[in-house]
Amino acid sequence: MRKILTLISALFVLTTMAQSHREVNLAENWRFSRDQVQWKTVTVPHDWAIDGPFDKKWDLQVVAIKENGEDVATEKSGRSGALPWIGKGYYKTTFTVPEEYHRAQLVFDGAMADPHVYVNGHEAGHWAYGYNAFIVDVTPFMHVGNVPNDLEVHLENLEESNRWYPGGGIYRPVKLVMSREKDAALDTWGMYVRTLTIEGAKASLQVEHQLDAATVIDNALELEFTLTDAHGDVVANTKTRPDGMGHFASRLEVYVPSLWSPENPYLYTMTATLRHKGIEVDRQAQKVGIRTVEFSKEGGFQLNGERRKIKGVCLHHDLGPLGAAINKTALIRQIEMMKAMGADAIRTSHNMPSTMQMEVCDSLGMMVMAESFDGWKEPKVRNGYGRYWDEWWQQDIRNLVLNHRNHPSIIMWSVGNEIPEQWKPEGVKRYKDLIALCHKYDPSRMVTCGMDQADGAIWCGFAQVADVPGYNYRLHKYQEMIERLPQGFILGSETASTVSTRGHYCFPDTVATNKAWPDGQCSGYDVEYCWWSNLPDDDWKMQDDFDWTVGEFVWTGYDYLGEPTPYDEYWPSRSSYFGICDLAGLPKDRYYLYRSHWNKQEHTIHLLPHWTWPDRKGKVTPVYCYTDYPSAELFVNGKSQGRITKNDTTRLDRYRLRWRDVVYQPGELKVVVYDENGNKAGQKIVRTAGKPKRLLLEPERKTIAADGNELAYITVSLVDKNGTLCPNAANRLQFSVTGAGTYKAACNGDATSLEPFTQPQMSLFHGQLVVVCQAGKTPGVMTLTVKDPATGMKSSVNINVK
């Protein structure tokens, strides 16, 4: 009997421990309205604008874009995506707090914009900046037990408040965090774990935490830090008591640590257990990594003591046809594709990242420049962040750093992008204050800001105060600036801004700036860019030839909604052309150019353009090969077009192989590549497409989880009888989904298309598009059927939902 009682007692203790802290994701059963009259049920994350329709009237602006060098105001119809994100929106739901919990908070990872939060009719919290996470203490307003709590969130987006598409709504997760004790709890963002040193086989960690402001501090409180490895085994442990301010601090030694890096994204779990008189009252756990980061004149950029150059891309927060509504599958897809290209870093331009995105980067191994603002007090757009600056900048930086400082993927903070006041004394002061505030909350990371006024930033001292001097473009100023920068190194915080359209080629293949074509597209030859920017080849020359460059962040990894440069004044252009991948996530030719230079693990052989040109027979049609091999020979229908080798004599021949005088004849285009010793190393063949024969459906994953959230991405291609893509096809297709999932969206990557993403039909663009399907919660088989009603072609694919 005594053993039974002991067992029951032990089980009670374990149950009590498990219940000391509970988190609930508030995703389902939300009601949404734009007018508080008509309501519909939605799931959060939610973007109210992504359904469309596209229309130039949404955020129609008559402005001069100073960042583009404009002085005269003109009509800009697609600058912020041409979707209905402006105006007010209202959300409501209910939640319950079990009677054993006496403290509760709502953690919003982001709500666009200016969210006011009401609980049981009382305004419980407010945050201004739509890109930031914030916490609302609902303890004073909540009911406990089985009584439901009414939760409402009111949002408002103003016109001319963004330079790109921001989305609208509660577009990131909302979490209910509950603690058992009202007067003894850990601060939700109080944990701080950083690596101090890695010496030989030992890593020294500093671990800190903070009591919640409502906690009564006494000597009976004790906090235990426990570090466990990926198998759940304890590798280090320490106990400590709070100081007079409720702060805990201690050291941990970890022997033979697995160091976090893009090549080895190893994660530990740090658990903090708070006890009062020996009884657990709160517990938090967070994934952490052991790694060191350093920037210096002598060593450049070093991760874990090893020098490397950052191969990064900039990413806007929208997820193409999903809009701003965050989704883990979509984030994983982005990061995996960039890693396969050879990238090892992203920049969250130009806003605070989501927690989910940082968790994905932690687990997949992608370094991060976590950015904060596109502007400070002086505005770039009429209703931009400047109207919040004086009251909110310190609160916003605090939330950014406290929320994200334990992510090993984050290697630096960025406090701004192309700030208008970067050449003024007040800009210098603001930069210093921002750097100091970041260091206050996180002394382990350096701080940067993307500068585009090279001379002005040096003249006033702005560049000199940076931890990491980051330049947006301005390659022609690099060598002059390095002589004047005390830091002794330069980061390409934003590079390239090359523009292109997937599968679209313009003749001749002339290098051009701000080139605009009548059809609103850009050339896939990767030779067009903006007046302020350059080509990838220019950045690589600077990175490869000078040790004082520490890497780059390319603008951009993916096309994004809004900012359709060079077609800011062209309708119906409504999304960007900068991406290495298009808005659907399909790789452009430029993807393989970067892959040929960045991916050192796998070889690249890519030919462009396609070889189906009914109207170009007998005309000069240049051919490019993107490859990591040094030389190659090109053949058209078996006839050699010459063997060439990369060389440094011209701008585009160091990293590309180009045959610019090829005369088009239908048939077979073949390239044979050779290694450094002249040995044949591989080949690539591109063939002329015949008549369209069938729809090819290729899912990126054949099995997804039955969790109601996971997505399946299926590329749809129109091919001939031999499986060759028909690159000129623009057939309008229809989609239906049956079984264990639903249709979510479709996208073809055409920046001029006005077809809504969420309707089950869309036209092919250069023979392809992507369909997105969402898993249900019941295991089974989800079937996507794609039909071309004009020709009768139909094809289906099954996705396992488990």
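All values derive from a computational prediction rather than experimental measurement. The numbering scheme is per chain: residues are counted from 1 as the chain's sequence reads. For this predicted model, a pLDDT threshold of at least 70 governs which residues receive local features, and a threshold of 80 or more governs which side-chain atom pairs are given and counted, while totals over whole chains, interfaces and linings are taken from all residues. Each side-chain value is derived from all of the structure's non-hydrogen atoms; neither hydrogens nor water enter the calculation.

Now for the overall build of the protein chain. By definition, any uninterrupted DSSP run of H or I lasting at least four residues is a helix, any uninterrupted run of E lasting at least two residues is a strand, and each is numbered from the N terminus. Along the backbone of the protein chain there are nine helices and 49 strands. Computation of the radius of gyration draws on C-alpha atoms alone. For the globule rule, the value is 2.2 Å times the number of residues to the power 0.38. By the compact-globule yardstick of 28 Å for 802 residues, the protein chain fits well, its C-alpha radius of gyration being 27 Å. Principal-axis analysis of the C-alpha atoms places the extent of the protein chain at approximately 90 × 65 × 60 Å. Burial classification: accessible surface area is computed with a 1.4 Å probe over protein chains only, and a residue below 20% of its type maximum counts as buried, one above 50% as exposed, and the rest as partly exposed. Within the protein chain, the fraction of its 802 residues that count as buried is 62%.

This part takes up the layout of surface pockets. Put simply, the second largest pocket is a space of about 1,000 Å³. Two kinds of site are reported from a 1 Å grid over the protein atoms alone, namely cavities, where a 1.4 Å probe fits but cannot get out, and pockets, open sets with protein on both sides within 12 Å along at least five of seven lines, and residues are called lining when an atom falls within 4 Å of a point. Lining of the second largest pocket is provided by 37 residues; of these, Y592, H606, K684, L725 and Q768 occupy positions nearest its centre. Residue classes in the lining of the second largest pocket are distributed as 18 nonpolar, eleven polar and eight charged. Grid points are joined across faces, edges and corners, and a volume is the space filled by probe spheres set on the points. Here the term charged refers only to Asp, Glu, Lys and Arg, the term nonpolar to Ala, Val, Leu, Ile, Met, Phe, Trp, Tyr, Cys and Pro, and the term polar to all other amino acids, Gly among them.

Before going further, it helps to examine the packing of aromatic side chains. Pairing of aromatic rings covers Phe, Tyr and the six-membered ring of Trp, with a centre-to-centre limit of 6.5 Å; geometry is then stacked below 30 degrees between planes, edge-to-face above 60, and tilted otherwise. Tallying each qualifying case throughout the model produces 42 aromatic pairs. Relative to Y594, the ring of W540 has its centre 5.1 Å away and its plane inclined at 85 degrees; by these criteria the two rings are edge-to-face. With W540 in helix α8 (residues 536-545) and Y594 in helix α9 (residues 589-598), the pair connects residues that are 54 residues apart, well separated along the chain. The two residues W540 and Y594 agree in class, both being buried. Their ring planes at 75 degrees and their centres at 5.2 Å tell us that Y591 and Y592 sit as a pair that is edge-to-face. Taking relative accessible area as the criterion, Y591 reaches 7% and is therefore assigned buried.

By way of backbone hydrogen bonds, the strands of a sheet pair with one another, either parallel or antiparallel. In this scheme, strands are said to pair when DSSP sees at least two bridges between them. The strand order across the open sheet built from three strands is β20-β21-β22, with neighbouring strands paired in antiparallel fashion. Looking at the sheet topology across the chains shown, the edges are occupied by β20 (293-296) and β22 (306-307). The pairing of β20 with strand β21 (residues 300-303) spans four bridges and is classified as antiparallel. From the neighbouring strand, F295 faces β21, where its bridge partner is F301.

Among the ten residues of α8, seven are classified as buried, and the element is accordingly described as predominantly covered. When we look at burial in α8, the residues that qualify are P536, D537, D538, D539, W540, M542 and Q543. Contact between two residues is taken to exist if any of their heavy atoms lie within 4.5 Å; hydrogens are not considered. At its buried positions, α8 is contacted by α7 (478-482), β29 (490-496), β30 (498-499), β33 (549-555) and α9.

Closest axis-to-axis distance for the helix α2 (residues 328-341)/α9 pair is 8 Å, and the angle between their directions is 55 degrees. Here α9 runs oblique to α2, going by the angle between their axes. Within the contact between the two elements, α2 uses M337, M338, A340 and M341 and α9 uses Y591, Y594, R595 and W598. Taken together, the residues of the contact of α2 with α9 sort by class into seven nonpolar, no polar and one charged. Comment: axis = line fitted to C-alpha atoms, over the contacting stretch for helices; angle = value between 0 and 180 degrees taken between N-to-C directions. In this scheme, roughly parallel covers angles under 35 degrees and roughly antiparallel covers those over 145, while 65 to 115 is roughly perpendicular and the rest are oblique.

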